[in-house]
Amino acid sequence: MFWAVCGAAVCLAGWAGTPERWSRISSEDVQADSGLSALGHSVVKGDHWVHLDAGDFVGHSDLESSVREALTQAQFFRRRLNNTLPSEETRLQLFVISDSRNWDKSLHSVDGRQDALAAQYRDEIFVFWDTNNLAADAVRLAHELVHGRLQSCRPNLPVWLEEGLAGYLGWEMASAYRHSRGQELFRKLPPVSGRDIVSMQELTAMTAYPDDPALARRLYRQSEEWIRQLAVRIGNDRLREFVHAVCREGMLWNDVLRDRFGYSDQDFSALEDEVREQLQGGRER
Ligand SMILES: [Zn+2]
């Protein structure tokens, strides 16, 4: 996938003007915090880490500018998320890792996927923070925050629905953030060949992430497109209603569309056709 930002000052979305109310926490206090997981403790070992308490988030990083930018974004995303998903008061721990050696050391072994650049575990979010690509950072962080919110609301969402919502809402939130900084988020998605597109029936039957990285990428792409086309059809206001029903009320996604939105078999087919067409066309946005 190709990431880019339209506009010049790519690296200017910095932390000038971030609130002074954020307070520092000492490394000793963080190490003594029994609420952190073993992974959290091991990641921040050493005295070069910066820890900031921003109220709704606690940020930890190997680079001060990174944690400030990440906390600014996280607070923006939380406000947006409150409009879409049931809000929760959980205080999240953000581990913002800028040094690739620190990332490799701490996260690859845990996740097991060599290409993973973010992970979420209970109330802890770990993100690799590339200071040369703040646009990609924003997308990653937004995506993980959606996961965090979904899991606090309904931990057992179907894989495609969880990834589709994280992909779609995460992208929309990151776009809004970049827009608020006078920059547009852009990506070029290559067309997907028809034979690589799995049917909605197959997609919704998946109960685990595929081991094959190519298949996993297809799952992400297709799930996001599915939610995007649903949002195009019903509008973002009703998408919120859809999310509440599957998340808070525990309804099955297709029952929501049938019972609450009056979807017929033809509507489901038309939606699937549209998703297929969009995937085959590729797109820039
Ligand atoms: Zn995800």
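How each quantity is defined
Residues numbered from 1 in each chain as written. Predicted model: local features only at pLDDT ≥ 70, side-chain atom pairs only at ≥ 80, totals over all residues. Helix = DSSP H or I, 4+ residues; strand = E, 2+ residues; numbered from the N terminus. Buried ≥ 20, exposed ≤ 12 C-beta atoms within 10 Å, placed from the backbone. Pairing = 2+ DSSP bridges. Contact = placed C-beta atoms within 7 Å. Axes fitted to C-alpha atoms, helices over the stretch in contact; angles between N-to-C directions. Core = buried A, V, L, I, M, F, W, Y, C linked by C-beta atoms within 7 Å. Domains from an automatic or database assignment. pLDDT = per-residue confidence, 0-100. Parallel < 35°, antiparallel > 145°, perpendicular 65-115°, else oblique. Left-handed = near helix turned anticlockwise from the far one by under 90°. Nonpolar A, V, L, I, M, F, W, Y, C, P; charged D, E, K, R; others polar. Expected span 1.5 Å × (residues − 1).

Novice: Which residues make up the overall build of the protein, and what values do they have?
Specialist: Secondary structure assignment for the protein yields ten helices and nine strands. Classification of the 285 residues of the protein by burial places 35% in the buried group.

Novice: Give me the pairing of strand 6 (residues 118-121): which residues, what numbers.
Specialist: Side chains on a regular strand alternate between the two faces of the sheet. Here strand 6 runs beside strand 7 (residues 124-128); their pairing, made up of four bridges, is antiparallel. Each residue of the ladder has a partner; that of Gln-120, found in strand 7, is Ile-125. Hairpin connection, strand 6 to strand 7: the antiparallel pair is bridged by two residues, and Arg-122 has positive phi, about 50°.

Novice: Give a detailed account of the sheet that holds strand 7, specifying residues and quantitative values.
Specialist: Reading across the sheet, the six strands line up as 2-3-4-5-7-6 and stay open at both edges, with mixed pairing between neighbours. The open sheet has two free edges, formed respectively by strand 2 (23-24) and strand 6, since each of these has just one partner strand. Pairing geometry for strand 2 and strand 3 (residues 50-53), over two bridges, is antiparallel. Within the sheet, the bridge partner assigned to Ser-23 lies in strand 3 and is Asp-53. Along the sheet face, helix 5 (residues 134-153) touches strand 5 (92-97), strand 6 and strand 7 and points at about 160° away from the line of strand 7.

Novice: Run through the nonpolar core, naming residues and quoting values.
Specialist: For soluble globular proteins, the rule of thumb is that nonpolar side chains tend to be buried together. Grouped together as the largest cluster of nonpolar side chains are 61 residues, with contacts concentrated most on Leu-94, Ala-142 and Leu-165. Shared between two domains, this core holds at least three residues of each, these being domain 1 (2-179) and domain 2 (184-284). Among residues more than four places away in sequence, those in contact with Ala-142 are Phe-77, Gly-170, Met-173 and Ala-174.

Novice: Explain the confidence of the model for the protein residue by residue, including any values.
Specialist: Residues shown with low pLDDT carry predicted positions that ought not to be read at fine detail. Per-residue pLDDT for the protein averages 87, and the proportion of residues at 70 or more is 89%. The model gives residues 1-17 a pLDDT under 50, and that stretch makes 31 contacts with residues more than four places away or in other chains.

Novice: Requested: an account of the packing of helix 3 (residues 64-81) against helix 5, with residues and values cited.
Specialist: The interhelical angle for the contact between helix 3 and helix 5, taken along N-to-C directions, is 45°, at an axis separation of 10 Å. In terms of orientation, helix 3 lies oblique with respect to helix 5. As for how helix 3 packs across helix 5, the hand of that crossing is right-handed. The residues of helix 5 that touch helix 3, namely those facing Glu-69, Ala-70, Gln-73, Ala-74, Phe-77 and Leu-81, are Leu-134, Ala-138, Leu-141, Ala-142, Leu-145, Val-146 and Arg-149.

Novice: So what's going on with the packing of helix 6 (residues 159-180) against helix 8 (residues 213-247)? Which residues, and what values?
Specialist: Where helix 6 contacts helix 8, the two axes come as close as 8 Å, and the packing angle between them is 80°. Viewed along their axes, helix 6 and helix 8 adopt a mutual orientation that is roughly perpendicular. Listed contacts from helix 8 to Trp-160, Leu-161, Glu-163, Gly-164, Leu-165, Gly-167 and Tyr-168 of helix 6 are Leu-219, Tyr-220, Ser-223, Glu-224, Trp-226, Ile-227, Arg-228, Ala-231, Val-243 and Val-246. In terms of residue class, the contact of helix 6 with helix 8 is built from eleven nonpolar, three polar and three charged.

Novice: Before we move on, could you go through the environment of Asn-83 and cite the residues and values that matter?
Specialist: In this structure, Asn-83 sits in the loop between helix 3 and strand 5. What makes Asn-83 exposed here is the crowd of 10 C-beta atoms within 10 Å. Remark: the alpha-carbon pair of Asn-83 and Asp-237, spanning 154 residues in sequence, is separated by 9.5 Å.

Novice: Explain unusual backbone geometry to me, and be specific about the residues and the numbers.
Specialist: Of note, the phi angle at Arg-122 is positive, near 50°, even though the residue is not glycine. In this structure, Arg-122 sits in the loop between strand 6 and strand 7. Judged by C-beta crowding, with 14 C-beta atoms within 10 Å, Arg-122 ranks as partly exposed.

Novice: Report on the environment of Leu-215, specifying residues and quantitative values.
Specialist: Tracing the sequence through the fold places Leu-215 in helix 8. The spatial distance from the C-alpha of Leu-215 to the C-alpha of Asp-196 is 8.9 Å, given a sequence separation of 19 residues.

Novice: An account of helix 3 is requested, with residue identities and associated values reported.
Specialist: Every α-helix winds through 3.6 residues per turn, so residues three or four apart in the chain are directed the same way. The terminal C-alpha atoms of helix 3 lie 25 Å apart, and with 18 residues this matches the ideal 26 Å at 1.5 Å per residue to within 8%. Residues of helix 3 that are buried include every one of Ser-66, Val-67, Arg-68, Glu-69, Ala-70, Leu-71, Thr-72, Gln-73, Ala-74, Phe-77 and Leu-81, and no others.

Novice: How would you summarise the environment of Ser-180 if you had to cite specific residues and measurements?
Specialist: Examined against the element boundaries, Ser-180 turns out to sit in helix 6. Residue classification places Ser-180 among the exposed residues on the basis of 10 C-beta atoms within 10 Å. Taking the C-alpha atoms as reference points, Ser-180 and Phe-76, separated by 104 residues in sequence, lie 9.9 Å from one another.

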